[in-house]
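The residues making up each chain are set out below.
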Amino acid sequence: MDPELRHLRYFVAVAEELHFGRAAARLRMAQPPLSQQIRQLEAMIGTPLFARTSRSVTLTPAGEAYLIRCRRVLAAVADDVHEAGRIGRGEQGRFDIGFVSSAIQLGLAGPIRRFREHHPAVHLRLHEAFTAQIVDRLLTGEIDVGVVRDADDHDDLVGTTFATETFVAVLPADHPRAKDPGIDAALLRDDLFVFFPRVAGERAYQRNLRPCLDAGYTPRVVQVASSWNTLAHLVAAGLGVTIAPASISAVVPPPVAVLPLTGTGATTEMRILRRRDDDRITSTSFGAVGQAP
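Remember, predicted model here, so these are calculated numbers, not experimental data. (Residues numbered from 1 in each chain as written. Predicted model: local features only at pLDDT ≥ 70, side-chain atom pairs only at ≥ 80, totals over all residues. Heavy atoms only, no water.)

This brings us to the overall build of the protein. Helices and strands together make up the secondary structure of the protein, namely nine helices and 12 strands. Taking 293 residues into account, the globule formula puts the C-alpha radius of gyration at 19 Å, and the protein, at 32 Å, lies well above it. The dimensions of the protein, computed from C-alpha atoms along their principal axes, are 105 × 35 × 30 Å. Each of the 293 residues in the protein was classed as buried or not, and the buried ones make up 44%. Counted over contacts in the protein with a minimum sequence separation of 6, partners at least 24 positions apart contribute 73%. In the structure as shown, the protein presents an accessible area of about 15,000 Å², 51% of it carried by carbon and sulfur atoms. Across the protein, the 33 positively charged side chains and the 33 negatively charged ones have centroids separated by 8 Å. (Helix = DSSP H or I, 4+ residues; strand = E, 2+ residues; numbered from the N terminus. Rg over C-alpha atoms; globule rule 2.2 N^0.38 Å. Buried < 20%, exposed > 50% of the residue type's maximum accessible area, 1.4 Å probe, protein only. Contact = heavy atoms within 4.5 Å. Areas by Shrake-Rupley, 256 points an atom, 1.4 Å probe, with all protein chains shown as cover. Lys, Arg positive; Asp, Glu negative; His and termini not counted. Charge placed at Lys NZ, Arg CZ, Asp CG, Glu CD.)

Bringing the environment of Ile68 into the picture now. For Ile68, the location among the structural elements is in helix H4 (residues 61-89). Taking relative accessible area as the criterion, Ile68 reaches 52% and is therefore assigned exposed. Remark: the alpha-carbon pair of Ile68 and Val12, spanning 56 residues in sequence, is separated by 9.3 Å.

The next thing to look at is the confidence of the model for the protein. On average, residues of the protein score 90 in pLDDT, and 96% of them are at 70 or above. The low-confidence segment residues 289-293, where pLDDT is below 50, has 11 contacts with residues more than four positions distant or belonging to other chains. (pLDDT = per-residue confidence, 0-100.)

Okay, the pattern of salt bridges next. Opposite charge on two side chains permits them to pair, given that their charged atoms come into close proximity. All told, the structure shown has 19 salt bridges when counted by the stated rule. In this structure, the salt-bridge partner of Glu17 is Arg26, at a minimum N-O distance of 3.2 Å. What makes Glu17 partly exposed here is its relative accessible area of 25%. The exposure class of Arg26 is partly exposed, given its relative accessible area of 40%. Two residues, Arg177 and Asp180, come together in a salt bridge whose shortest N-O distance is 3.3 Å. Each of the salt bridges in this network shares a partner with another, and the network as a whole consists of Glu16, Glu17, Arg22, Arg26 and Arg71. (Salt bridge = Lys/Arg side-chain N within 4 Å of Asp/Glu carboxyl O.)

Phi angles above zero are rare outside glycine, and Leu18 is one such case at about 50°. The residue Leu18 is located in the loop between helix H1 (5-17) and helix H2 (20-27) in this model. Positive phi values are uncommon outside glycine, yet Asp150 reaches one of about 50°. Judged by relative accessible area, which is 5%, Asp150 ranks as buried.

A few words now on the packing of H1 against helix H3 (residues 31-45). Remark: H1 packs on H3, axes separated minimally by 10 Å, with the N-to-C direction vectors making an angle of 110°. Put simply, H1 runs roughly perpendicular to H3. Here H1 runs over H3; the crossing is left-handed. Facing Arg6, His7, Tyr10, Phe11 and Val14 of H1, the residues of H3 in contact are Leu34, Gln37, Ile38, Gln40, Leu41 and Met44. Broken down by class, the residue content of the contact of H1 with H3 amounts to seven nonpolar, three polar and one charged. (Axes fitted to C-alpha atoms, helices over the stretch in contact; angles between N-to-C directions. Parallel < 35°, antiparallel > 145°, perpendicular 65-115°, else oblique. Left-handed = near helix turned anticlockwise from the far one by under 90°. Nonpolar A, V, L, I, M, F, W, Y, C, P; charged D, E, K, R; others polar.)

Structural data, given as structure tokens:
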């Protein structure tokens, strides 16, 4: 037989009390079973750990050496138990956040910084992707939280609203309407468009087209790109116009005009999503942290 953790705990109690009666009381057990367990431990090791007389109990040299090792083992086991608990609660370990690039313009850096302040022991990893990709990775457990734009609803996901935006028209500086104070999407019916790909997320794609669809047409998309920053530069290069969330204003280059859209109430929503069954403090609190001022 090999010693078990209970043998180590019993031995440490007797070694620290140097009295079987007091050790038994400390362990909340009767003295005879305790004495039996210590004798069993000594038999496993093959040498006495205590020198016993009718008046005293002292450690043998083997017992003194074994006490140091037992304390070390028990402390390591306790640390491992606490660490596993912290990881299970999300207070330690790794935490993966997926995000769409436009979340940066809406202040995602703030909640990320506050998250790190609240959970300094957690190793944070960030993954930039499309909304559809982020949702897929959430569902498969590859990431823990997703910051997405206009994601499709899913029964296994819950979320909080991070930001809501209106749409704007983004035009080259030499566009005939570039100097207008605002523009109706109907006036862009004959323009070529640059846009993000449909695979980024069907709901996001349709939501972004809503001002055009409300005006009775589907725009002709001649070029796609993976970020609004790139699309803004494609507009600047004269490849076309686009309809974008208002936060694109933070990344457009100088030769681009950003005009408020009139004649539409369409909006776009940024949300923080997590799996419904993920109740770790890190996951449940990230949305709340994201709402902090």
